[in-house]
Amino acid sequence: MAEVDEGELLRRIARRDRRAFDELYRRTSPWLTVRLRRRCADPDVVADVLQETYLAVWRSAGSQAHASAGGSALGWLWTIAAHRLVDAFRHRARQQRVPTVPTFETVAPAAEEEALAGGIDADLEQALLALPPELRQVLRAMVLDGLTTRETSLLLGMPEGTVKTRARRARIALRRALS
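Below is a short write-up of the structure. Worth saying up front: this structure is predicted, and the values here are computed from it rather than measured.

1. Comments concerning the overall build of the protein chain
For the protein chain, the helix and strand inventory stands at nine helices and zero strands. Each helix (α) and strand (β) of the protein chain, taken in turn from the N terminus, gives the series α-α-α-α-α-α-α-α-α. The proportion of buried residues among the 179 residues of the protein chain is 29%. Considering only residue pairs separated by 6 or more positions, the protein chain has 58% of its internal contacts joining residues 24 or more positions apart. As presented, the protein chain carries roughly 11,800 Å² of accessible surface, and 52% of it is formed by carbon and sulfur atoms.

2. Thoughts on the side chain of Thr-28
If you trace the backbone, Thr-28 turns up in helix H2 (residues 18-39). Under the relative-accessibility criterion, Thr-28 is labelled buried at 2%. There is a polar contact of 2.6 Å between the side chain of Thr-28 and the backbone oxygen of Leu-24. Every residue in contact with Thr-28, bar those within four places of it in the chain, is listed here: Glu-6, Tyr-54, Leu-74 and Leu-77.

3. A word on the packing of aromatic side chains
A full pass over the atoms with the stated rule returns three aromatic pairs. A ring pair is formed by Phe-21 and Tyr-54, whose centres lie 6.3 Å apart and whose planes are at 85°; its orientation type is edge-to-face. Taken together, the positions of Phe-21 in helix H2 and Tyr-54 in helix H3 (residues 43-67) put the pair 33 residues apart, joining distant regions of the chain. Looking at Phe-21, the relative accessible area reads 12%, which means it is buried. With 4.8 Å between their ring centres and 70° between their planes, Tyr-25 and Tyr-54 make a pair best called edge-to-face. Here the residue Tyr-25 occupies a position in helix H2, and Tyr-54 occupies one in helix H3, the gap between them amounting to 29 residues. Its relative accessible area of 4% is what places Tyr-54 among the buried residues. Put simply, the rings of Phe-21, Tyr-25, Tyr-54 and Trp-58 pair up and form one aromatic cluster. Here Arg-35 stacks its cationic end above the ring of Trp-78, 4.2 Å away from the centre of that ring.

4. What to know about the pattern of salt bridges
Tallied over the full model, the rule gives nine salt bridges. Its salt-bridge partner being Arg-26, residue Glu-23 comes within 2.5 Å of it at the nearest N-O pair. Of the two residues, Glu-23 and Arg-26 are both situated in helix H2; the distance of three residues between them amounts to about one turn of the helix. Arg-90 is the partner of Asp-87 in a salt bridge, and the nearest nitrogen-oxygen pair spans 4.0 Å.

5. Some remarks on the environment of Ala-61
One can find Ala-61 in helix H3. Taking C-alpha positions, Ala-61 is 9.3 Å from Leu-9, a pair spaced 52 residues apart along the chain. Apart from the residues lying within four places of it in its own chain, the contact partners of Ala-61 are Leu-10, Ile-13, Ala-14, Ala-56 and Trp-76.

6. Quick word on the packing of H2 against helix H4 (residues 73-97)
Direction vectors running N to C along H2 and H4 enclose 40°, while the axes themselves pass 11 Å from each other. Between H2 and H4, the interaxial angle falls into the category oblique. Between H2 and H4 lies a crossing whose hand is right-handed. Across from Thr-28, Trp-31, Leu-32, Arg-35, Leu-36 and Arg-39 in H2, the residues of H4 making contact are Leu-74, Leu-77, Trp-78, Ala-81, Leu-85 and Phe-89.

7. Thoughts on the nonpolar core
Counting 25 residues, the largest nonpolar core has Leu-10, Ile-13, Leu-32, Leu-36 and Val-57 as its most contacted members. Residue assignment for this core shows that the elements contributing at least two residues are helix H1 (6-14), H2, H3 and H4. It is H3 that contributes the most residues to this core, eight residues altogether. The residues contacting Leu-32, other than those within four sequence positions of it, are Leu-50, Thr-53, Tyr-54, Leu-77, Trp-78 and Ala-81. Residues Ala-127, Leu-131, Leu-135 and Leu-139 belong to the second largest nonpolar core, which totals six residues.

Basis of the calculations
- Residues numbered from 1 in each chain as written.
- Predicted model: local features only at pLDDT ≥ 70, side-chain atom pairs only at ≥ 80, totals over all residues.
- Heavy atoms only, no water.
- Helix = DSSP H or I, 4+ residues; strand = E, 2+ residues; numbered from the N terminus.
- Buried < 20%, exposed > 50% of the residue type's maximum accessible area, 1.4 Å probe, protein only.
- Contact = heavy atoms within 4.5 Å.
- Areas by Shrake-Rupley, 256 points an atom, 1.4 Å probe, with all protein chains shown as cover.
- Polar contact = N/O pair within 3.5 Å; in protein donor to acceptor, adjacent residues only side chain to side chain.
- Phe/Tyr/Trp six-rings, centres within 6.5 Å; stacked < 30°, edge-to-face > 60°.
- Lys NZ or Arg CZ within 6 Å of the ring centre and 35° of its normal.
- Salt bridge = Lys/Arg side-chain N within 4 Å of Asp/Glu carboxyl O.
- Axes fitted to C-alpha atoms, helices over the stretch in contact; angles between N-to-C directions.
- Parallel < 35°, antiparallel > 145°, perpendicular 65-115°, else oblique.
- Left-handed = near helix turned anticlockwise from the far one by under 90°.
- Core = buried A, V, L, I, M, F, W, Y, C linked by side-chain atoms within 4.5 Å.

Have a look at this one:
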């Protein structure tokens with residue numbers, strides 16, 4: 001198979017030729033790994049991207065096999081890898097933005113459940129319901145759920161300053177409504 005070019009290997013892979021796939025991997029994985037490492041220092045991410053790339057090659061070699069006469073098989077391979085790397089970076093960024101909130105077994109009913117069951121003063125319930133939704137949302141996260149300003153900011157996707165301002169406005173509105 002040494003005399004077969006990458007375009008022909010892709011055509012064979014499209015016909016589910018495992019030996020052609022192994023040969024393409026043997027030829028291109030060192031080159032692709034070096035290119036990925038230049039863009040990402042995390043070896044685990046590089047390994048995942050490499051695996052996802054070759055899985056995509058196996059699954060969709062047929063679509064490239066017809067177009068390989070007009071384009072480079074290596075270019076197609078690099079395009080897949082680059083897109084998978086961007087996806088990995090996006091996934092990592094989403095994971096870092098979402099706070100991990102520990103879950104505990106509920107021992108006492110939640111404040112919302114008490115309000116619905118009539119355990120909280122009806123005036124307080126009416127005052128809470130009268131709040132604008134954006135103020136009620138912040139107050140619920142900080143008071144009822146016990147989240148910090150930073151956790152609330154991350155959860156609701158807004159700056160910490162906005163969370164503080166809305167929490168203050170909600171408390172002022174509640175004080176006015178209850179006095």
